[in-house]
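Report on the structure
The primary structure of each chain is shown beneath.
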Amino acid sequence: MASTTSAGDSASDSAFEARIAAGETIEPKDWMPERYRQQLVRMMSQHAHSEIVGMLPEGNWITRAPTLRRKMCLLAKVQDEAGHGLYIYCATETLGIDRSQLIDQLLSGKAKYSSIFNYPTLTWADIGVIGWFVDGAAIVNQTVLAKASYGPYARAMVRICKEENFHKRQGFEIVATLAAGTPAQHTMVQDAVNRWWWPTLMMFGPSDANSPNSAELLRWRVKRFSNDELRQRFVDLTVAQAQAVKLTLPDPKLRYNAETKHWEHGEIDWAEFKQVISGNGPCNRERLAARQAAHDKGAWVRAAAAAYAEKQRRTSAAPAA
Ligand code: BYC
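No experiment lies behind these values; they were computed from the predicted model shown. (Residues numbered from 1 in each chain as written. Predicted model: local features only at pLDDT ≥ 70, side-chain atom pairs only at ≥ 80, totals over all residues. Heavy atoms only, no water.)

On to helix α6 (residues 124-145), then. Between its first and last C-alpha, α6 extends 31 Å over 22 residues, near the 32 Å set by a 1.5 Å rise per residue. Taken as a whole, α6 carries its principal kink of about 35° at Ile 130. Extensive coverage of α6 is indicated by the burial of 20 of its 22 residues. (Helix = DSSP H or I, 4+ residues; strand = E, 2+ residues; numbered from the N terminus. Expected span 1.5 Å × (residues − 1). Bend = angle between axes of the 7 residues up to and from the residue. Buried < 20%, exposed > 50% of the residue type's maximum accessible area, 1.4 Å probe, protein only.)

The following block contains the structure:
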């Protein structure tokens, strides 16, 4: 479990900062400032919650996948997301917090999860676009987190990123097939692109000027690039992919700047982002209700596990016959 002391122990603080500056990895038993621990718990648990809540929009389409192959891929993808959530919950527990506390924070609305999962999946094309955009954005963000200063988080990202690559490819394949299909299929996938583009850009968080946590996380090398830098990287990668499948991105201001070698994009609707992260997006209530129902249905499993643990404790405490 993580070891911290209260603020003010300047020798420990300086040694910690020196380790970070030297690019060392911080492990659970190493000393760390309480604030570093808290920031990691916040960010990692929100990441884990995002993986779990993120199963809902796509899970909605498993029974309606158009072919057996598509159904197998989607089922595997959604199961992968469950696995990602579990790795990251485990990694968060190394910081001295119990998973049940983390789940309570999600269900009570105290902890956030990614804004993107509060949008509905209206057609099959949404499943392709989620793989392409949402998993694509996750790869850009998480490839960098694989170099984060906290060892358990960074290591969890390595396998997760490998799986996200498969997710992105299956999504892009759906998109490419629909885009080259009938006019109705092309219209359906273009509509999905139009609806998911801006919410995907919001996944990277507020602009750097309005990101209260970034300075600390960058200094401690949890984050290695800012929200805007990663968003820009995603835009630069995705424009060419959209062109390759003859789809347009819904931003009239999108233009290539030959000097900076970046695609400039229009203004993000930050009012919408704020609404979604404060619980008022299109599906926030539905998502939390679904998680609460799943949690309630699992009560018997937790009760059985507790009874078993108690029985083990009594057995090991009993004197040998
Ligand atoms: N949504 O100071 P800032 C997946 C909050 S799942 C909601 O910039 P920070 C997948 C932020 O928490 C992968 N809230 O924060 C799964 C903070 O609020 P609090 C999901 C957001 O931490 C299934 C406040 O706004 N990826 O790939 O420096 C199917 C100020 O922000 C959002 C991760 O979780 C948002 N989009 O940076 C398919 C990545 N953005 O906590 C796919 C890990 C910001 O102070 N997380 N907020 O109340 C991160 O990289 C960073 O935490 C963020 C935010 C870039 C998201």
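Here we take up the packing of helix α4 (residues 68-93) against α6. At a closest axis distance of 13 Å, the pairing of α4 and α6 adopts a crossing angle of 45°. The angle between α4 and α6 falls in the class oblique. As α4 runs across α6, the sense of the crossing is left-handed. Of the residues in α6, those in contact with Arg 70, Leu 74, Lys 77 and Glu 81 of α4 are Trp 124, Ile 127, Gly 131 and Asp 135. Split by residue class, the contact of α4 with α6 holds three nonpolar, one polar and four charged. (Axes fitted to C-alpha atoms, helices over the stretch in contact; angles between N-to-C directions. Parallel < 35°, antiparallel > 145°, perpendicular 65-115°, else oblique. Left-handed = near helix turned anticlockwise from the far one by under 90°. Contact = heavy atoms within 4.5 Å. Nonpolar A, V, L, I, M, F, W, Y, C, P; charged D, E, K, R; others polar.)

In the region of the ligand, 37 residues are neighbours, and Arg 42, Gln 46, Lys 112, Ser 211 and Lys 223 sit closest. In the environment of the ligand, a nitrogen atom lies 2.8 Å from a nitrogen or oxygen atom belonging to the backbone of Ser 115. Lys 223 is positioned such that a nitrogen or oxygen atom in its side chain is 2.7 Å from an oxygen atom of the ligand. Mapped by element, the contributors of at least two residues to the shell around the ligand are α2 (34-53), α4, α6, α7 (151-179), α9 (214-219) and α11 (270-280). In terms of residue class, the shell around the ligand is built from 15 nonpolar, 13 polar and nine charged. (Near = heavy atom within 4 Å. Polar contact = N/O pair within 3.5 Å; in protein donor to acceptor, adjacent residues only side chain to side chain.)

With that settled, consider the environment of Gln 241. You can see Gln 241 is positioned in helix α10 (residues 227-244). Put simply, Gln 241 and Phe 172 are 69 residues apart on the chain and 8.9 Å apart in space, counted from C-alpha to C-alpha. Dropping the residues within four chain positions of it, Gln 241 is found in contact with Trp 132, Lys 168 and Phe 172. Here the side chain of Gln 241 touches Trp 132 through a polar contact of 2.9 Å, side chain to side chain.

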